[in-house]
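Notes for the structure review
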Amino acid sequence: EIGKELCSNSKIRKLTFTGSTEVGREIMSKAAGTLKKVTLECGGKGANIVLEDADLDIAVDGSIWASFYHQGQVCESGTRLMLDAKGHDNFVEEMLEKLKAMKIGDPLDPSTQLGPVVSEGQMKSVLRYIEIGKKEGAVLACGGQQETAGGLEKGSFIQPTLFTGVTNNMRIAREEIFGPVLSVVRAKDFDE
């Protein structure tokens, strides 16, 4: 209701929005009736690029931070990781060790490394994207499910999820998921 009012009220002269392409189109359409100015930052998927000469430990930790900070619910999350083919396997192996050891839990507990996503609806959306990734042929290397262990069954917790074998034409590589899901794309070399 508030969004519709903001779009159609003639007293509002400018709107900005960051989010999905679908909602951006709706905002632009509804705002056209009052000819208000609209700035939209929609869709897309930030890339995190790691080349063969990167320091492995720093790059793995940085990639985990870039992707899983706030459970991947940040527009600038680096949730599409492009790895140089020469370092791909070692990088993924080290990352998997750290993701499997990641503590999931109460975000107020200082030892927690991954909290819940914002709502049950968002959790369902993220889990749908995980299914899409599997159907499109990506390899689920870890995670991919709601976390229920240790009393977390009542929350919207999702295991840190890593897909390998991702290609840039897959939806999980192109669309923002807003959850703890990392898509790894293997690039054959720097030019690619």
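These figures come from a predicted structure and were not determined experimentally.

**So, the overall build of the chain**
Scanning the chain from terminus to terminus reveals 6 helices and 7 strands. Counting from the amino terminus, the chain carries its helices and strands in the arrangement α-β-α-β-β-α-β-α-α-β-β-α-β. Here the C-alpha coordinates of the chain stretch approximately 55 × 45 × 30 Å along the principal axes. For the chain, with 192 residues in total, the buried portion stands at 41%. Summarising the internal contacts of the chain: among those between residues at least 6 apart in sequence, 62% fall at separations of at least 24.

**Concerning the sheet that holds strand S6 (residues 161-166)**
With respect to topology, 5 strands assemble into an open sheet ordered S3-S4-S7-S6-S5, the strand pairing being mixed. Edge positions in the open sheet fall to strand S3 (47-50) and strand S5 (139-142), since each of these has one partner strand only. Adjacent strand axes in the sheet meet at a mean angle of 25°, parallel and antiparallel pairs treated alike. Of the strand pairs in this sheet, S3 and strand S4 (residues 80-84) are connected by 4 bridges, and their pairing is parallel. If you follow alanine 47 over to S4, its bridge partner there is arginine 80. Running at roughly 25° to S6, helix H5 (residues 120-135) makes contact with S5, S6 and strand S7 (181-187) of the sheet.

**Focus on the packing of aromatic side chains**
Two numbers describe a pair of aromatic rings. These are the distance of the centres and the angle of the planes. Summed over the entire model, instances satisfying the criterion amount to 1 aromatic pair. For the ring pair tryptophan 65 and tyrosine 69, a centre distance of 4.4 Å and an interplane angle of 40° mean the geometry is tilted. Residue tyrosine 69 is classed as partly exposed on the basis of its relative accessible area of 36%.

**Here we look at the pattern of salt bridges**
Scanning the entire structure with this criterion turns up 9 salt bridges. Here arginine 171 makes a salt bridge to glutamate 175, at a shortest N to O gap of 3.0 Å. Three or more residues joined by partner-sharing salt bridges are found here, namely Asp61, Glu94 and Lys98.

**Regarding the packing of helix H3 (residues 56-68) against helix H4 (residues 85-100)**
Contact geometry of H3 with H4 gives a least axis separation of 10 Å together with a crossing angle of 55°. When the interaxial angle is binned, H3 and H4 end up oblique. Seen from above, H3 lies across H4 with right-handed handedness. Counting all contacts with H3, which are made through Leu56, Asp57, Ala59, Val60, Asp61, Ser63, Ile64 and Phe68, the residues of H4 involved are Asn90, Phe91, Glu94, Met95, Lys98 and Leu99. Residues belonging to the contact of H3 with H4 are distributed by class as follows: 8 nonpolar, 2 polar and 4 charged.

**Quick word on the state of the cysteines**
Under the definition given, this model contains 0 disulfides. Here cysteine 7 stays free of any disulfide, with the sulfur of cysteine 42 as its closest cysteine sulfur at 12 Å. Its relative accessible area of 5% is what places cysteine 7 among the buried residues. By relative accessible area, which is 29% here, cysteine 42 ends up partly exposed.

**Thoughts on the pairing of S7**
Counting buried positions over the 7 residues of S7 gives 6, a clear majority of the element. The sheet contact formed by S4 and S7 spans 5 bridges and is parallel. Across the sheet, residue methionine 82 finds its bridge partner in S7, namely valine 185.

Calculation notes
Residues numbered from 1 in each chain as written. Predicted model: local features only at pLDDT ≥ 70, side-chain atom pairs only at ≥ 80, totals over all residues. Heavy atoms only, no water. Helix = DSSP H or I, 4+ residues; strand = E, 2+ residues; numbered from the N terminus. Buried < 20%, exposed > 50% of the residue type's maximum accessible area, 1.4 Å probe, protein only. Contact = heavy atoms within 4.5 Å. Pairing = 2+ DSSP bridges. Axes fitted to C-alpha atoms, helices over the stretch in contact; angles between N-to-C directions. Phe/Tyr/Trp six-rings, centres within 6.5 Å; stacked < 30°, edge-to-face > 60°. Salt bridge = Lys/Arg side-chain N within 4 Å of Asp/Glu carboxyl O. Parallel < 35°, antiparallel > 145°, perpendicular 65-115°, else oblique. Left-handed = near helix turned anticlockwise from the far one by under 90°. Nonpolar A, V, L, I, M, F, W, Y, C, P; charged D, E, K, R; others polar. Disulfide = S-S within 2.5 Å.

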